[in-house]
Structure formats: C-alpha cells, structure tokens
Amino acid sequence: MAQERPVFGSRNPNAPPVQQEFAMMCEFTSECYETESCGETQYSFDLDGETSGLETNAMVASVQLSSDIGTEDLVGVVQDKTTSLSGGTFAARHFLTIAPDGAARYTVHYAEGPLMISYLGECR
C-alpha cells in the first residue's frame, strides 16, 4: 500500500509550485488549403485553461480552444514566452504555435483526404 505524503502548511507536495491561468484571443487573417495559394480570412478563437510547472519560464499547458465551430482540448508547453499546443481527435489533429511577439500559426490535419489547413495570424 502506498504511503501518503504529509502536507506541510498550505503546500501540497503533489501540486506544482507554480500555477497560472492561461487566456488568449487568437485572430487569423490568412488561410491556406494544402498546396493552394493562401487567401484572406477572418477566423478567430479563444484559448482558456491553465499552466503549471516548477518555474514560470517552462510550464505545461492544458487549454480549451473555443470557436464558432466547436471546442477542442489542447495540451503543450509554454517555454520562454513561446507556446506550442496540440490536441484534437485522430480524425482531426490541431497544432498551434505562438511566438513571444504573438505571431501565431494554427494548422489542422484531417485524416480523411488527407487534408491540411493552415492559418496565420496572432494571439493576444
């Protein structure tokens, strides 16, 4: 039987020492289908969740992407102000990278087809 670890004061040894809320709004102005030329678009979504870790410059992230077409759970890393998230289902995998200045690349890979759609924009 596993022995319980003691909790000293308000510190829980099973919880990461740094926990923060994660919230951003992402707006994309360019959309690219497969190898076709990119075109203008107006697509946006919200990211809401939390990050946690041993220190603020390298955190694990668990967020929910919410848009007009639905929600997706994404997980990843925020390291040195760069964010890399992925998630979705086997049928549709989602990948999002956000640079320290907010520049963002969002790609969805669909198994059926297969098909890839990429978006260029920014998150704040």
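Located above this text is the structure these notes cover.
Note that the structure is a prediction, hence the values are computed from the model and not measured.

Comments concerning the overall build of the protein chain
The secondary structure content of the protein chain amounts to zero helices and eight strands. Burial status across the protein chain gives 31% buried among its 124 residues. As presented, the protein chain carries roughly 8400 Å² of accessible surface, and 51% of it is formed by carbon and sulfur atoms.

Focus: the environment of His94
Residue position: His94 is located in strand E6 (residues 92-98). The residues touching His94, leaving out its near neighbours within four places in the chain, are Glu72, Leu74, Leu85, Ser86, Gly87, Gly88, Tyr106, Thr107 and Val108. Here Tyr106 takes part through its side chain, which lies 2.5 Å from a polar atom of the side chain of His94.

Let's talk about the layout of surface pockets
Of the voids in this model, the largest pocket is the one considered here, and its volume is about 210 Å³. Every residue lining the largest pocket is counted, 14 residues in all, and those nearest its centre are Tyr43, Ile69, His94, Tyr106 and Tyr110. Residue classes in the lining of the largest pocket are distributed as nine nonpolar, four polar and one charged.

Brief notes about the sheet that holds strand E2 (residues 39-55)
By definition, the strands of a sheet pair up through backbone hydrogen bonds, in either a parallel or an antiparallel sense. The sheet built from eight strands closes into a barrel, its strands ordered E1-E2-E3-E4-E5-E6-E7-E8 with antiparallel pairing. For this sheet, the mean angle separating the axes of adjacent strands, direction not counted, is 25°. Where strand E4 (residues 70-79) and strand E5 (residues 82-88) come together, six bridges link them in antiparallel fashion. The partner of Val77 across the bridge, within E5, is Ser84.

With respect to a nonpolar patch on the surface
On the surface, Tyr33, Tyr110 and Leu115 cluster together to form a nonpolar patch covering roughly 230 Å² of accessible area. Looking at the element boundaries, Tyr33 is found in strand E1 (residues 18-33).

Some remarks on the state of the cysteines
If you walk through the whole model with that rule in mind, you get two disulfides. Through a disulfide, Cys26 is tied to Cys123; the S-S separation comes to 2.0 Å. Because the torsion about its S-S bond is 110°, the bridge between Cys26 and Cys123 counts as right-handed. Taken as a pair, Cys26 in strand E1 and Cys123 in strand E8 (residues 115-123) lie far apart in primary sequence, 97 residues in all. Of the two residues examined, Cys26 and Cys123, each falls in the buried class. With a sulfur-sulfur separation of 1.8 Å, Cys32 is cross-linked through a disulfide to Cys38. Across the S-S bond of Cys32 and Cys38 the torsion is about 100°, and the bridge reads as right-handed. Exposure remark for Cys32: the relative accessible area of 8% places this residue in the buried category. With a relative accessible area of 46%, Cys38 lands in the partly exposed category. Here the cysteine-cysteine linkages of the protein chain are recorded as 1-4, 2-3, numbering only bonded cysteines and doing so in sequence order.

What counts and what doesn't
- Starting afresh in each chain, residues are numbered from 1 along the sequence in its written order.
- Restriction of local features to residues with pLDDT of at least 70 applies here, the model being predicted, together with a cutoff of 80 or more for giving and counting side-chain atom pairs; totals for whole chains, interfaces and linings are based on all residues.
- Heavy atoms from the whole structure form the basis of all side-chain values; hydrogens and water molecules are not counted.
- A run of H or I in DSSP becomes a helix once it reaches four residues, and a run of E becomes a strand once it reaches two; helices and strands are each numbered from the N terminus.
- Relative accessible area decides the class of each residue, using a 1.4 Å probe on protein chains only: under 20% of the type maximum gives buried, over 50% gives exposed, and in between gives partly exposed.
- The Shrake-Rupley method, run with a 1.4 Å probe sphere, supplies the accessible areas, and residue values consider only the shown protein chains as cover.
- The contact definition used throughout considers only heavy atoms, calling two residues in contact when any of these lie within 4.5 Å.
- Counted as a polar contact is a pair of N or O atoms within 3.5 Å, where, for protein atoms, one must be capable of donating a hydrogen and the other of accepting one, and residues adjacent in sequence contribute only when both atoms are in side chains.
- The way it works is a 1 Å grid over only the protein atoms, where trapped points that fit a 1.4 Å probe form a cavity and open points with protein on both sides within 12 Å along at least five of seven lines form a pocket, and then any residue with an atom within 4 Å of a point lines it.
- Grid points are joined across faces, edges and corners, and a volume is the space filled by probe spheres set on the points.
- Amino acid classes used here: Ala, Val, Leu, Ile, Met, Phe, Trp, Tyr, Cys and Pro are nonpolar; Asp, Glu, Lys and Arg are charged; the rest, including Gly, are polar.
- At least two DSSP bridges between two strands are required for those strands to pair.
- Each axis is a line fitted through C-alpha atoms, taken for helices only over the stretch in contact, and angles between the N-to-C directions span 0 to 180 degrees.
- The patches reported here contain residues having more than 30% relative accessible area and no salt bridge. Joining distances are 9 Å for like charges and 5 Å for nonpolar side chains (Val, Leu, Ile, Met, Phe, Trp, Tyr).
- The term salt bridge refers to a pairing of a side-chain nitrogen on Lys or Arg with a carboxyl oxygen on Asp or Glu at a separation within 4 Å.
- For this text, the term disulfide refers to a pair of cysteine sulfurs within 2.5 Å.

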